[in-house]
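Overview (structure and organization)
As a plain string of letters, each chain reads:
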Amino acid sequence: MSSEWTIGIIGGSGLYALDSLEDAQWIGVKSSFGEPSDEILCGRIGDVRVRFLPRHGRGHRIAPGELNARANIDVLKRAGCTDVLAISAVGSLREELPPGHFVAVDQFIDRTKARADSFFGSGFVAHVSMANPVCPRLSKMAAAAVGKGGGKATLGGTYLAMEGPQFSTRAESRLYREWGADVIGMTGFPEARLAREAELPYALLGMVTDYDAWRENEKPVDVSEVIEQMGSNSALARKTIEAFVAALPEKRAPSPIDTTLDDAVITAPDNHDPQLVARLDAVAGRLLRMARGQ
Ligand SMILES: CSC[C@H]1O[C@H](OP(=O)(O)O)[C@H](O)[C@@H]1O
Ligand SMILES: Nc1ncnc2[nH]cnc12
């Protein structure tokens with residue numbers, strides 16, 4: 001019997017492919033929202049279909065502010081993903097979250113600027129709730145999988161999404177701690193917002209690479225420190241992904257996130273913009289098909 005899950009994995013810094021995929025093939029998927037970061041590595045682990053997308057492209061070609069997060073989420077939806085597990089390198093804003101530790105984040109603070117952060121707009125206005133931005137079921141399974149892979153993880157934590165590409169000043173880093181942020185990165189938003197708009201349950205596993213810049217008498221983060229830590233983090237991320245997929249039950253109980261748009265779209269059907277609706281054929285496909293009685 002085949003699994004009901006199709007798991008999208010977004011690989012962050014240091015994770016550009018997945019060797020453990022069986023029948024693996026890189027496949028180009030077109031998006032109505034422009035160019036995604038790369039082709040999707042399609043394969044399976046056991047009987048679970050897995051769709052892997054390297055967030056920055058193979059060879060880490062794309063800077064965080066230049067990512068087309070809309071296209072990335074759109075192609076994962078088009079590739080049939082039921083759920084998305086995102087992996088990210090993050091800086092730690094807490095002494096008790098040292099490099100090598102993983103955090104299944106459950107909240108975000110958005111300090112990004114000028115990124116395309118919604119699929120919707122005039123002619124198809126929708127407001128989804130971001131109060132609980134990640135899927136609790138996936139997050140719990142992801143945190144448990146870190147333990148099975150031999151690592152340590154914290155379930156819950158607030159991710160500060162900064163614009164970058166420069167790292168934070170010491171004052172910013174201290175301020176984010178006062179705001180209650182636990183980890184910091186440059187890519188979690190708008191990715192998580194867009195996954196929710198696309199009705200994709202989403203979890204983000206942050207792999208701590210450094211202590212950012214808030215520790216007064218310590219050297220602030222630089223890329224060499226991140227790269228050094230990324231090697232062991234990526235090895236643990238690969239084991240975590242295998243354990244996560246292996247632990248999925250065969251049946252996938254519906255998630256409330258699967259039907260997010262039922263309560264979100266406010267534009268009356270007569271006022272829909274046909275061009276925007278055509279672009280939304282994957283993201284809002286379920287709702288649009290229902291409206292057409294299909
Ligand atoms: C290489 S350090 C900064 C870089 O790493 C993180 O990327 P990702 O979230 O894709 O793992 C961070 O967000 C920055 O893009
Ligand atoms: N300190 C940091 N700030 C932002 N993004 C990061 N990714 C890894 N470490 C980071």
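Placed above this text is the structure.
Anyway, here's the lowdown on the structure attached to this text.

What counts and what doesn't
Residues numbered from 1 in each chain as written. Chains lettered and ligands numbered in written order. Predicted model: local features only at pLDDT ≥ 70, side-chain atom pairs only at ≥ 80, totals over all residues. Heavy atoms only, no water. Near = heavy atom within 4 Å. Polar contact = N/O pair within 3.5 Å; in protein donor to acceptor, adjacent residues only side chain to side chain. Areas by Shrake-Rupley, 256 points an atom, 1.4 Å probe, with all protein chains shown as cover. 1 Å grid on protein atoms, 1.4 Å probe; cavity = no way out; pocket = protein on both sides within 12 Å on 5 of 7 lines; lining within 4 Å. Sits in = over half its atoms within 2 Å of the grid points. Helix = DSSP H or I, 4+ residues; strand = E, 2+ residues; numbered from the N terminus. Nonpolar A, V, L, I, M, F, W, Y, C, P; charged D, E, K, R; others polar. Phe/Tyr/Trp six-rings, centres within 6.5 Å; stacked < 30°, edge-to-face > 60°. Buried < 20%, exposed > 50% of the residue type's maximum accessible area, 1.4 Å probe, protein only. Lys NZ or Arg CZ within 6 Å of the ring centre and 35° of its normal. Patch = residues over 30% accessible without salt bridge, like charges linked within 9 Å, V, L, I, M, F, W, Y side chains within 5 Å. Salt bridge = Lys/Arg side-chain N within 4 Å of Asp/Glu carboxyl O. Axes fitted to C-alpha atoms, helices over the stretch in contact; angles between N-to-C directions. Parallel < 35°, antiparallel > 145°, perpendicular 65-115°, else oblique. Left-handed = near helix turned anticlockwise from the far one by under 90°. Contact = heavy atoms within 4.5 Å. Core = buried A, V, L, I, M, F, W, Y, C linked by side-chain atoms within 4.5 Å. Points joined across faces, edges and corners; volume = space filled by probe spheres on them.

This next bit is on the site of ligand 2. The immediate surroundings of ligand 2 are formed by Ala 89, Val 90, Gly 91, Met 162, Phe 167, Ile 184, Gly 185, Met 186, Thr 209, Asp 210, Asp 212 and Val 221. A distance of 2.7 Å separates a nitrogen atom of ligand 2 from a polar atom in the side chain of Asp 210. Here a nitrogen atom of ligand 2 sits 2.8 Å away from a polar atom, N or O, in the side chain of Asp 212. Compared with its free state, where it exposes 260 Å², ligand 2 has 94% of that area covered by protein. A majority-of-atoms criterion places ligand 2 in the largest pocket. Counting residues per element, the ones that place at least two in the shell around ligand 2 are β5 (83-92), β10 (183-185) and β11 (202-210). Partitioning the shell around ligand 2 into residue classes produces seven nonpolar, three polar and two charged.

Applying the stated criterion across every chain yields a total of six aromatic pairs. Pairing Phe 120 with Phe 124 gives two aromatic rings, centres 5.6 Å apart and planes at 35 degrees, and the pair type is tilted. Summarising the burial analysis for this pair, Phe 120 and Phe 124 share the class buried. Members of the aromatic cluster, each reached through a chain of ring pairs, are Phe 108, Tyr 159 and Phe 189. Positioned above the aromatic ring of Trp 214, the side-chain terminus of Arg 177 is 3.8 Å from the ring centre. The cationic tip of Arg 215 hangs over the ring face of Tyr 211; the distance from NZ or CZ to the ring centre is 3.9 Å.

In this section: a nonpolar patch on the surface. Together, Phe 167, Val 223 and Ile 227 line one region of the surface with nonpolar side chains, adding up to about 260 Å² of accessible area. The residue Ile 227 is located in helix α5 (residues 223-246) in this model.

So, on to the packing of helix α1 (residues 69-78) against helix α4 (residues 188-197). Two elements in contact, α1 and α4, have axes whose closest approach is 9 Å; the angle formed by their N-to-C orientations is 40 degrees. Relative to α4, the element α1 lies oblique. Seen from above, α1 lies across α4 with right-handed handedness. Along the contact surface, α1 presents Ala 69, Arg 70 and Ile 73, while α4 presents Pro 190, Glu 191, Leu 194 and Ala 195. Its residues assigned to classes, the contact of α1 with α4 comprises five nonpolar, no polar and two charged.

This part is about the packing of helix α2 (residues 136-148) against α5. Following both chains from N to C, one finds α2 and α5 inclined at 120 degrees, their axes separated by 8 Å at the closest point. What the angle tells us is that α2 and α5 run oblique. Where α2 crosses over α5, the handedness of that crossing is right-handed. Of the residues in α5, those touching α2 at Leu 138, Met 141, Ala 142, Ala 145, Val 146 and Lys 148 are Leu 236, Thr 240, Ala 243 and Phe 244. Across the contact of α2 with α5, the residue classes tally to eight nonpolar, one polar and one charged.

A few words now on the nonpolar core. If you look at the biggest cluster of nonpolar residues, it comprises 45 residues, and the most contacted ones within it are Phe 108, Phe 119, Phe 124 and Leu 280. Not counting the four nearest positions on each side in its chain, Phe 124 is found in contact with Val 265, Thr 267, His 272, Leu 276, Val 277, Leu 280, Ala 284, Leu 287 and Leu 288. By size, the runner-up hydrophobic cluster in this structure holds 32 residues, among which are Ile 9, Val 50, Ala 142 and Ile 241.

This next bit is on the pattern of salt bridges. Scanning the model with the defined rule gives 20 salt bridges in all. A salt bridge links Glu 191 to Arg 55, with the nearest nitrogen and oxygen atoms 2.8 Å apart. Within this pair, whereas Glu 191 is found in helix α4, its partner Arg 55 is found in the loop between β4 (48-54) and α1, the two being separated by 136 residues in sequence. With a relative accessible area of 4%, Glu 191 lands in the buried category. With a shortest N-O distance of 3.1 Å, Asp 222 and Lys 219 are connected by a salt bridge. It is possible to trace a salt-bridge network through shared partners that takes in Asp 38, Glu 39, Arg 58 and Arg 61.

Put simply, the largest pocket is a space of about 460 Å³. Along its surface, the largest pocket is lined by 26 residues, and Ser 13, Ala 89, Phe 167, Met 186 and Val 226 are the ones closest to its centre. Taken together, the elements giving at least two residues each to the lining of the largest pocket come down to β5, β9 (158-162), β10, β11 and α5. For the lining of the largest pocket, the residue count by class is 14 nonpolar, nine polar and three charged.

Cis peptide bonds are those with omega within 30 degrees of zero, and the linkage from Gly 164 to Pro 165 qualifies with 5 degrees. Along the chain, Pro 165 turns up in the loop between β9 and α3 (170-178). Although it is not a glycine, Glu 199 sits at a positive phi angle of roughly 60 degrees. For Glu 199, the location among the structural elements is in the loop between α4 and β11. Judged by its relative accessible area of 4%, Glu 199 is buried.

Function cannot be read off these values alone, since they describe shape.
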